[in-house]
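Here's the letter readout for the chains.
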Amino acid sequence: MSKYESKIKQVPYSQSMVYGKLSDLNNLSALKEKMGSTDIPDNLKNQVNEEQLHKAKEVLEKMEFTSDTISIDIAPVGKFVIEVVERQPEKLIKLSSSQSPIPITLWIQILPTSDTTSKMKLTLETELNMFMKMMVGGKLKDGIDKFADMLARIPYGADIQTDAPQPGIENL
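Residues numbered from 1 in each chain as written. Predicted model: local features only at pLDDT ≥ 70, side-chain atom pairs only at ≥ 80, totals over all residues. Heavy atoms only, no water.

### Observations regarding the side chain of threonine 69
Of note, threonine 69 is situated in strand 4 (residues 69-74). Here the side chain of threonine 69 touches threonine 66 through a polar contact of 2.7 Å, side chain to side chain. Among all residues touching threonine 69, those that are not within four sequence positions of it are Leu25, Glu64, Val81, Ile82 and Glu83. (Helix = DSSP H or I, 4+ residues; strand = E, 2+ residues; numbered from the N terminus. Polar contact = N/O pair within 3.5 Å; in protein donor to acceptor, adjacent residues only side chain to side chain. Contact = heavy atoms within 4.5 Å.)

Okay, structure coming up:
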């Protein structure tokens, strides 16, 4: 098994707010709708180039959400499904692939740093042979860090679809 861990990310929202939003995967569908709109927030435009934004939109358009699953059709692999397999209220969400050419497990750990802030760490575990590990290992490490960055920037205190101010984002 290969394990990839994100850096610890500071989140300017309480542990309960973060867990409440992430433990129901339907809440992430709002990100899909936001990315699909023509009104992309300026802070996102400054972080990615047009090609990356276009690719992200294409991927998000193919995603389907339920409270426990996220699925996407990936050519030529087919349907990829990741589902919540464990919830430890307010501190852990464990997801695992149920339809995938390789087994994947993702842990989202959330810990309080104060009554109004928290920190999060993501851990990805997968089975890769040595050749695949050499080819994609670095990309998985970068990807898990970028995913953690994205999750740390979600406005947990408001509806994801709004442009509510995100306290502390400038300090990340």
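### Section: a nonpolar patch on the surface
A contiguous nonpolar patch, built from Phe131, Met132 and Met135 and spanning about 310 Å² of accessible area, is present on the exposed surface. Its location among the elements puts methionine 132 in helix 5 (residues 130-152). Judged by its relative accessible area of 33%, methionine 132 is partly exposed. (Patch = residues over 30% accessible without salt bridge, like charges linked within 9 Å, V, L, I, M, F, W, Y side chains within 5 Å. Areas by Shrake-Rupley, 256 points an atom, 1.4 Å probe, with all protein chains shown as cover. Salt bridge = Lys/Arg side-chain N within 4 Å of Asp/Glu carboxyl O. Buried < 20%, exposed > 50% of the residue type's maximum accessible area, 1.4 Å probe, protein only.)

### Details of the side chain of serine 96
For serine 96, the position within the fold is in strand 6 (residues 92-99). There is a polar contact of 3.4 Å between the side chain of serine 96 and the backbone oxygen of isoleucine 104.

### Details of the environment of isoleucine 93
Counting through the fold element by element, isoleucine 93 comes out in strand 6. Isoleucine 93 has contacts with Tyr19, Leu22, Ser23, Val84, Glu86, Leu106, Trp107, Ile108 and Ile110, leaving out every residue within four places of it along the chain.

### Here's the deal with the nonpolar core
In globular proteins that are soluble, nonpolar side chains generally tend to be buried together. One finds Leu22, Ile108, Met120 and Tyr156 to be the most contacted residues of the largest nonpolar core, which totals 32 residues. Broken down by secondary-structure element, the contributors of at least two residues to this core are helix 1 (15-22), strand 3 (63-65), strand 4, strand 5 (78-88), strand 6, strand 7 (104-112), strand 8 (118-126) and helix 5. When residues no more than four places from it in sequence are discounted, the contact partners of isoleucine 108 are Leu22, Lys91, Leu92, Ile93, Leu95, Met120, Lys121, Leu122 and Leu151. (Core = buried A, V, L, I, M, F, W, Y, C linked by side-chain atoms within 4.5 Å.)

### A few points about the pattern of salt bridges
Counted under the stated rule, the structure contains four salt bridges. The closest approach of N and O atoms between aspartate 145 and lysine 141, which form a salt bridge, is 3.3 Å. Taken together, the residues aspartate 145 and lysine 141, both in helix 5 and four residues apart, mark about one turn of the helix. A relative accessible area of 29% means that lysine 141 is categorised as partly exposed.

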